[in-house]
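Coordinate analysis (summary)
These are the residues of each chain, in order.
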Amino acid sequence: MQDEHERLKAVHQLSEGKEYVLTVHEESAHYTLTIRPIPPVPAVADSEFGGDGDW
């Protein structure tokens, strides 16, 4: 159940444009995973970038 809660928290934060941070503690180690949403990139129709130039 805890995993499902964390998954939903991550999805919510990322969909809001916020980063998600997960820290896991083991005996002598701490692991931190930071996930940031990728900003939207505008579509390109320019043939130089693989488009056919028509829109």
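To be clear, the structure that these remarks concern was listed above.
A brief structural summary.

What counts, and where the lines are drawn
- Residues numbered from 1 in each chain as written.
- Predicted model: local features only at pLDDT ≥ 70, side-chain atom pairs only at ≥ 80, totals over all residues.
- Heavy atoms only, no water.
- Pairing = 2+ DSSP bridges.
- Helix = DSSP H or I, 4+ residues; strand = E, 2+ residues; numbered from the N terminus.
- Salt bridge = Lys/Arg side-chain N within 4 Å of Asp/Glu carboxyl O.
- Buried < 20%, exposed > 50% of the residue type's maximum accessible area, 1.4 Å probe, protein only.

1. Section: the pairing of strand β1 (residues 20-25)
- Taken together, the six bridges between β1 and strand β2 (residues 30-35) define a ladder with antiparallel strand orientation. Directly across from L22, in β2, lies its bridge partner L33.
- Between β1 and β2, which pair antiparallel and follow one another directly, the connecting turn spans four residues.

2. Concerning the pattern of salt bridges
- A complete count under the given rule lists two salt bridges for this structure.
- For the salt bridge of R7 with E4, the shortest nitrogen-to-oxygen distance reads 3.0 Å. Note that R7 and E4 are positioned in helix α1 (residues 2-15) at a spacing of three residues, about one turn of the helix.
- Take R7: its relative accessible area is 44%, and that puts it in the partly exposed class.
- In this structure E4 comes out as partly exposed when scored by relative accessible area, which is 35%.

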